[in-house]
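What follows is each chain in one-letter form.
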Amino acid sequence: MRTLALALLLGPVLALAQERPEEAEMFGSTAAPASQPPPPEGLIKKDQEDPLKIGGQVYLRGQAAWYEHQSAGDGPLSTPNLVDLFLDARPNDRVRAFALARTSWNPTGGGSAGPFQDLLGALGATAAPSTQPRAVLDQLWLNFDVDRKVFVTAGKQHVKWGVGKFWNPTDYLHPTKRDPLAVFDARTGTTMIRAHVPWEKYGWNFYGIGLLEDASGAAQPVDTVGRVGGGARAELVLGPAELGLDAVVQKGNHPRFGVDLSAGVWELDLYSELAVRTQTDVGRWKEVDASAGLNQRYARIGNDGFEPQLVVGGSWTRQYGKDQDTFTLGLEYFWNGYGYDDPHIYPFLLVGAPAWNGKPPTAGDTAASDYLTFRDPRAFTSFYLGRHYLGAYAMLPQPGSWNDTTFTLSVLGNVTDKSFVVRLDHSVLVNTYLRVETFVSVNGGAKGGEFRLGLDLDPQLVVKGAGTDPDIYFPAQGSTLSVPAPVMSAGVAVRVSL
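Residue positions within a chain follow its written sequence, with the count starting from 1. Only residues with pLDDT of at least 70 get local features here, since the model is predicted, and only at 80 or more are side-chain atom pairs given and counted; chain-wide, interface and lining totals rely on the full set of residues. Note that the side-chain values use all heavy atoms of the structure and ignore hydrogens as well as water.

Not every positive phi belongs to a glycine, and Asp147 is a case in point at roughly 60°. Helix and strand labels come from DSSP, where a helix needs a run of H or I of at least four residues and a strand needs a run of E of at least two; each type is numbered from the N terminus. For Asp147, the position within the fold is in the loop between strand E6 (134-146) and strand E7 (150-157). The phi dihedral of Arg148 falls on the positive side, at around 55°, and the residue is not glycine. Here Arg148 lies in the loop between E6 and E7.

Consecutive side chains of a regular strand alternate in pointing toward one face of the sheet and then the other. Two strands qualify as a pair provided that DSSP identifies no fewer than 2 bridges between them. Where strand E8 (residues 190-199) and strand E9 (residues 204-211) come together, eight bridges link them in antiparallel fashion. If you follow Trp199 over to E9, its bridge partner there is Trp204. The turn linking E8 back onto E9 is made up of four residues, and Gly203 within it adopts a positive phi angle of 75°. As judged from the seven bridges shared by E9 and strand E10 (residues 229-238), these two strands associate in the antiparallel manner. When the sheet's bridge partners are listed, Leu211 is paired in E10 with Gly229.

By secondary structure assignment, the location of Arg233 is in strand E10. In protein, a polar contact means a hydrogen-donor-capable atom and an acceptor-capable atom, both N or O and within 3.5 Å, with residues adjacent in sequence counting only if both atoms are side-chain atoms; elsewhere, any N or O pair within 3.5 Å suffices. For Arg233, the side chain forms a polar contact with the side chain of Glu235, separated by 3.0 Å. In terms of polar contacts, Arg233 uses its side chain to reach the side chain of Asp260, at 2.9 Å. With residues near it in sequence (within four places) discarded, Arg233 still touches Trp161, Gly162, Asn205, Phe206, Tyr207, Gly244, Leu245, Asp246 and Asp260. The contact definition used throughout considers only heavy atoms, calling two residues in contact when any of these lie within 4.5 Å.

A separate point is the confidence of the model for the protein chain. Taken over all residues, the pLDDT of the protein chain has a mean of 79, while the share at 70 or more is 74%. Confidence of the prediction at every residue is given by pLDDT, a number between 0 and 100. The low-confidence segment residues 461-479 (pLDDT under 50) makes 52 contacts with residues lying over four places distant or belonging to another chain.

A word on the packing of aromatic side chains. The geometry of an aromatic ring pair is captured by the separation of the ring centres together with the interplanar angle, meaning the angle of the planes. Two rings belonging to Phe, Tyr or Trp (six-membered ring only in the last case) form a pair when the distance between their centres is within 6.5 Å. Interplanar angles under 30 degrees mark stacking, angles over 60 mark edge-to-face geometry, and anything in between is tilted. Applying the stated criterion to the full structure yields 17 aromatic pairs. Look at Phe334 and Tyr389: their rings are 6.0 Å apart centre to centre, the planes differ by 25°, and that puts the pair in the stacked class. Taken together, the positions of Phe334 in strand E17 (residues 326-336) and Tyr389 in strand E18 (residues 388-397) put the pair 55 residues apart, joining distant regions of the chain. Only protein chains enter the calculation, and the probe is 1.4 Å; a residue is then buried if its accessible area is under 20% of its type maximum, exposed if over 50%, and partly exposed in between. When its relative accessible area of 0% is taken as the criterion, Phe334 is described as buried. A residue is classified by how much of its surface remains accessible, and Tyr389, at 0% relative accessible area, is buried.

In this section: the nonpolar core. Side chains of a nonpolar character, in soluble globular proteins, are inclined to be buried together. In plain words, nonpolar cores are sets of buried Ala, Val, Leu, Ile, Met, Phe, Trp, Tyr and Cys residues tied together by side-chain atoms within 4.5 Å. Ranked by size, the top nonpolar core spans 29 residues in total, and within it Trp167, Trp285, Ile345, Tyr346, Leu349, Phe380 and Phe383 carry the most contacts. The biggest single contributor to this core is helix H6 (residues 346-351), with five residues. Formed by ten residues, the second largest nonpolar core is a distinct cluster that contains Val159, Trp161, Leu211 and Val248.

Below you can see the structure in the form of structure tokens.
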């Protein structure tokens, strides 16, 4: 049931796409360590004895967004297409090498057409869009065993901790949070050395991590031995429940700990996830002068101290009709101890929160441009802004005779600021190999909330020029900058596995 619910929440887009290797693929099956799992879906197979498999996917998308008081023709259009190509080498059942490269390009040069990502572009606070292809390395790792008892994977890889579906605060090995509204999870892997020791008698698993990237997402290099991070996780089967315990420590970042628990109760699949750390990865802010301009309205506050982040959820799957037809309903709550109670701070977090600990300068300060030049992009992290969130979903896979079709309806709400987004996904397989995906989402609730965020910035803040770190200054006079609130977005995509 958990697997079915996860496929729903990531959308049918991901469930039917070429999959990344699961943990069993990376480290070998704990039930039979000597055996190798089947290759990822979509591989080109020359013959069964060929140790090298080649595969990937072509994914073409088009999506648009519409905002308040804006004509339909002025809505931003985006076509974020991509091609994945991977090599999977298995010379024997104890050694494996895997590499996945991704090339993406957007011929329209638009943003992602989401409710948040276009705001900085509208303000001129992001780099000018490029239509040129961009290549990134998603994965590059080697897997081998030591005496068939310890399974080692070294290199750039995906490792997910925690059991949350919409929210996953203990996913410490991905510095960037996954956007639940994203059609495709484009985050790249993290460089680490991972050792897996299974205890087959009890079905328990133990993991050790040597982390070679910054765990906070601050892009600080791990260029000394002392900066190498360490992590550990234990997965314990306790009767009908599964318990996970994990921790990550790294010089320059405060320790972080996680606990997750999942169990089947009656027809329900219940789960919870608790993240506890002694400091946030980014600075926290409070309002000190409501009458001041944006540049002087907020001051940094200490971000030390234990603040939990708790996820509690469950799903229920029920069979109906014939031919094993089922539907799944799910609900998830997220308590974010590091969230904000007042949505009025969102514009500052989006365009103003600096990445350094200095005091905000005055409007007459000649170095005022330095204040916002180093804006911290992590300060405004969608789905992790408010204190309380609630998500619900319904999934209808292969209903009746529509064996190649899946419908997904999901609702995510920021309970703190009373805004929400509703999304309907549809996926169908045609011509045997072509997956066609469509979606439509509607934003609602209180204007100014996270999912209905519009900006009306005072004249003291003006964005000058463009670039990843734009020049932002505070002239004596300027024009008010305004961005309307999002209303809806829609998109269509086609995907073929190679």
